[in-house]
Amino acid sequence: MFEIEHQGQIYHSDQARRPSAPGDSYMDAQEKEIQWAEKVTADQNEDSHALDKPDAIEKHNVLMGHYIRELERQSENRAEMAMDEDFYDHIQWTEEELAVLKARGQAPIVFNMIQTSVNWVLGSQRRATMDYKILPRRKEGLKPAERKTELLKHNRDENRSEYEYAKAFTDAVKAGIGWLETGQASPEDGPIVFDRSESWRNMLWDSTSQRYDLSDARYVARSKWLDLDICRALWPKRKGLLELSATNVSTGIYALDEMGDEPMDSQEIEHFNNEYGRSRFNAERMRVRVIEMWFKMPQADAKIIRGGQFNGELFDGWSVGHHRELIDGRATLVARPREVIMLAIMTDAGLLDLRESPYRHNKFPFTPVWGYRRARDGMPYGIIRGMRDINRDLNKRASKALHHLSTTRVTVTRGAVKDIEELREEAARPDGVIIVEPGFTQPEISTDTNVAAAHVDMMNRDAAMIQAVGGVTDENMGRSTNATSGKAIVARQDQGQLATSMFFDNLRQSRVIHGEKHLVNIEQFYTDEDTFRVTNSRGHADWKPINDGNPDNAISEFKADFIITEEDWRASARQAQAEELLDLMGKLAATAPQLVIKTLDLVIEALDVPKRDELVKRIRQETGVTDPDADPANPDPETIAMMKQKEEAAAMAKRGMEAELGDKEAKTRKTNAEAARAEAGLANDTIAQVKASLEAAIAIAGAPMVARAADQILARAREESGLSMPAPEGLPQMPAGAMPAPAAMPQGGVPL
């Protein structure tokens, strides 16, 4: 222990806490302590840094305690995770097993059945599309939300985010956990907001956390090795501390220290453990382990936005949207207890930086993508963990079967041959020559094929068991099986899909959590006027302005939400469902072809065909069907033009129908009028004839008694003709009851 005093403060050197660099055993311990004291003193003289005060030193000790405790607690499972990845990479024999096989003359065969199953899951994720949309919280934020959607897609292309998501998903499937990170970057180096993955080997987290998004965790840490000259450029005022923490890795005897484990430092060890003496060039390389820890610190009077679209956020004095909400009276500023995210960057010797998180979302910038989680302690593991022992058994049985088939057993009487080793070599050769001494029997040579057959049978069982445990069946991979009917194949594909669905659901959830943080960073850091390029599926570019004074292009003034809009599908399941949809459309075509035409765009949208979006677009233009995913409150120009054209066509069709109906009604009225006139003329002629006949009859008979009968005849004629006509004039009228009873008529019909 060595102490120095500077400006009334006592600084201690804890040699046991620092990693021992190669070559320390050749240096005097006291000289090492003096060097440490000189470097710290140089830092203090240059700048009385707040990070060297007692409270900062105490904070460093606490944070390093959390880091070391998590490293020890997670070390066993981290070793298992590294072994899982080794099995995927064909490293399935331990060093001890390889030594035994080499001494036995047995080949270390590797039949990697695990890799094929894992590749199917990884390939399904890469074929699955998972898109998103930005939705506003207020109606006036609709246009800015559309611009944010385009900006987020542009930022995703700049960061090659889809490859980063695939990398995190790969870690989750193999090892059990992957990590996504988003944050502010330097505009001179690329995108203003970066979006990338991080290896699980560099990450530690609060293992007491139970929630998926680590919202109940107190800290998340990342460890990285950096070159000393880079560290000096990043933290120029902490050069003495950095030199104290540096390790010379060019000596060829690099070893682990207590700040890391084998999964974390395996690449470092493999790279630097070599014989430097073979080179005459100076390749000295000083390395520093830098630990970045994000942790929560309670704050009693944190400024919180209450009300409005930014409700619940920490107040950001640089936010235009926060200020506008407060000025317009939609929100107020309150002081409430809140856990605030802090950032500490340090080495094992001290702090390099300590500050409040620069991100408005007040969350860890890292988002985990989980595979499986162990129930008893929350430790992650992947799909390989359950198949590892089965594949190891398969390899051992394959190696033993080959060894039994390729070796021979010789039984010989002592003295029958001069050289036993020569006999061993000749017996193993197909064209071997064995010379036996006179008077001795021929050596007995045998091969144990029965044992080899038993091992091969167990290998087949192991291969089937790997499929059963992993959930990836032959049907999922398109292989021929005993399932012949389409329903049986689809059922087995669905079974495999369900067995691996947790990985895809976890990725979807992580994409939502990560997307929310990414969106807040976009709203926070894209504040300057700019123009960015957006390309469509055919590569055509369109330029979009932001923050140019137009409210529709404002990025930071309105709050929006990140929404996953399209489900991800497994390749085989999507293909099977598309086939069922095509079969249904074929059946409907015979009975309802118009329905098939109206739904043809949805059928094409469900297929994995080239230029699918363009095909769907043209079909909708021809059929006049609108996009079901389009926002009806804010249609795009193409939709507006289509709707206008559709309305004009409907109006013209309506006018044509009305004109046709008018013509038909006019023709009907004309026909009815002509029929009425014809009927009226016929009735008038009939009545005139009846009247003339009656007048003639009266004149002949000379008897007015027939007048009543004439009236009845005329009335009946009017009723039958449907006309309301007055009684004919000129006929004599008689009062009712005045007509005498008619005389009896003879059989001939002539009145008597």
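In this report, the structure presented in the accompanying data block is examined. In this text the structure is predicted, and so the values were computed from the model without any measurement. (Residues numbered from 1 in each chain as written. Predicted model: local features only at pLDDT ≥ 70, side-chain atom pairs only at ≥ 80, totals over all residues. Heavy atoms only, no water.)

1. A short note on the overall build of the protein chain
Next up, step 1: Scanning the protein chain from N- to C-terminus turns up 20 helices and 19 strands.
Next up, step 2: Burial statistics for the protein chain: of 752 residues in total, 40% are counted as buried.
Next up, step 3: Here the contacts in the protein chain between residues at least 6 apart in sequence split such that 71% fall between residues at least 24 apart. (Helix = DSSP H or I, 4+ residues; strand = E, 2+ residues; numbered from the N terminus. Buried < 20%, exposed > 50% of the residue type's maximum accessible area, 1.4 Å probe, protein only. Contact = heavy atoms within 4.5 Å.)

2. Observations concerning helix α6 (residues 161-174)
Next up, step 1: Between its first and last C-alpha atoms α6 spans 20 Å; for 14 residues at 1.5 Å apiece the expected length is 20 Å, and the two agree.
Next up, step 2: Along α6, 10 of the 14 residues are buried, which leaves the element largely enclosed by surrounding structure.
Next up, step 3: Within the span of α6, buried status applies to Ser161, Tyr165, Ala166, Ala168, Phe169, Thr170, Asp171, Ala172, Val173 and Lys174.
Next up, step 4: Glycine 176, located one to two residues past α6, shows a positive phi value of around 120°. (Expected span 1.5 Å × (residues − 1).)

3. Let's talk about the pattern of salt bridges
Next up, step 1: Under the definition given, this model contains 42 salt bridges.
Next up, step 2: Linking glutamate 313 and lysine 559 is a salt bridge whose minimum nitrogen-to-oxygen distance equals 2.8 Å. Within this pair, whereas glutamate 313 is found in the loop between β9 (286-306) and α10 (320-327), its partner lysine 559 is found in the loop between β18 (541-546) and β19 (560-564), the two being separated by 246 residues in sequence.
Next up, step 3: Across the pair glutamate 660 and lysine 664 runs a salt bridge whose closest N-O atoms are separated by 3.6 Å. One end of the pair, glutamate 660, and the other, lysine 664, are both in helix α19 (residues 637-701), 4 residues apart, so they sit about a helical turn from each other. (Salt bridge = Lys/Arg side-chain N within 4 Å of Asp/Glu carboxyl O.)

4. Side note on unusual backbone geometry
Next up, step 1: Phi angles above zero are rare outside glycine, and histidine 90 is one such case at about 70°.
Next up, step 2: Its location among the elements puts histidine 90 in the loop between α2 (54-88) and α3 (95-104).
Next up, step 3: The partly exposed category is assigned to histidine 90, whose relative accessible area is 42%.
Next up, step 4: Of note, the phi angle at asparagine 547 is positive, near 55°, even though the residue is not glycine.

5. Some words on the side chain of asparagine 362
Next up, step 1: Position of asparagine 362 relative to the elements: it lies in the loop between β11 (351-356) and β12 (366-370).
Next up, step 2: Residue asparagine 362 is classed as buried on the basis of its relative accessible area of 14%.
Next up, step 3: Looking at asparagine 362, its side chain comes within polar contact range of the main-chain nitrogen of isoleucine 341, at 3.0 Å.
Next up, step 4: Ignoring anything within four residues of it in the chain, the contact list for asparagine 362 reads Leu314, Arg338, Glu339, Val340 and Ile341. (Polar contact = N/O pair within 3.5 Å; in protein donor to acceptor, adjacent residues only side chain to side chain.)

6. Thoughts on the pairing of β19
Next up, step 1: The two faces of β19 differ: Ala560, Phe562 and Ile564 on one face are buried, but Asp561 and Ile563 on the other face are not.
Next up, step 2: Judged from the 5 bridges that link them, strand β3 (residues 132-136) and β19 form a sheet pairing that is antiparallel. Considered in β19, the bridge of leucine 135 is made with aspartate 561. (Pairing = 2+ DSSP bridges.)

7. Focus: the packing of aromatic side chains
One pair of aromatic rings is described through two measures. These are the centre distance and the angle between the planes.
Next up, step 1: A complete count under the given rule lists 8 aromatic pairs for this structure.
Next up, step 2: Note on tryptophan 294 and tyrosine 359: the rings are 6.0 Å apart at their centroids and 20° apart in plane angle, and the pair reads as stacked. With a gap of 65 residues between them, tryptophan 294 in strand β9 and tyrosine 359 in the loop between β11 and β12 connect regions that are remote in the sequence.
Next up, step 3: Tryptophan 294 gets classed as buried once you look at its relative accessible area, which sits at 4%.
Next up, step 4: Linked through ring pairs, Trp179, Trp205 and Trp370 together constitute an aromatic cluster.
Next up, step 5: Taking NZ or CZ as reference, lysine 153 lies 4.7 Å from the ring centre of tyrosine 132, over its face.
Next up, step 6: Against the face of tryptophan 370 rests arginine 373, its NZ or CZ located 3.9 Å from the ring centre. (Phe/Tyr/Trp six-rings, centres within 6.5 Å; stacked < 30°, edge-to-face > 60°. Lys NZ or Arg CZ within 6 Å of the ring centre and 35° of its normal.)

8. Digging into the sheet that holds strand β4 (residues 177-184)
In a beta sheet, neighbouring strands pair by backbone hydrogen bonds and run either parallel or antiparallel.
Next up, step 1: With respect to topology, 3 strands assemble into an open sheet ordered β5-β4-β12, the strand pairing being antiparallel. At either margin of the open sheet sits one strand with a lone partner, and together these are β5 (193-198) and β12. Averaged over all pairs of adjacent strands, the angle between their axes in this sheet comes to 20°, without regard to strand direction.
Next up, step 2: Where β4 meets β12, 5 bridges bridge the pair, whose relative direction is antiparallel. Bridge pairing in β12 places glutamate 181 opposite phenylalanine 366.
Next up, step 3: α6 rests against β4, β5 and β12 of the sheet, and its axis sits at about 150° to β4. (Axes fitted to C-alpha atoms, helices over the stretch in contact; angles between N-to-C directions.)

9. Some details on the side chain of histidine 455
Next up, step 1: With respect to the helices and strands, the residue histidine 455 is situated in helix α13 (residues 449-470).
Next up, step 2: Those residues in contact with histidine 455 that lie beyond four places of it in its chain are Arg397, Lys400, Ala401 and His404.

10. Examining the environment of proline 337
Next up, step 1: Within the secondary structure, proline 337 sits in strand β10 (residues 332-346).
Next up, step 2: According to the relative accessible area criterion, proline 337 is exposed, its value standing at 62%.

In short, shape yes, function no, at least from these values alone.
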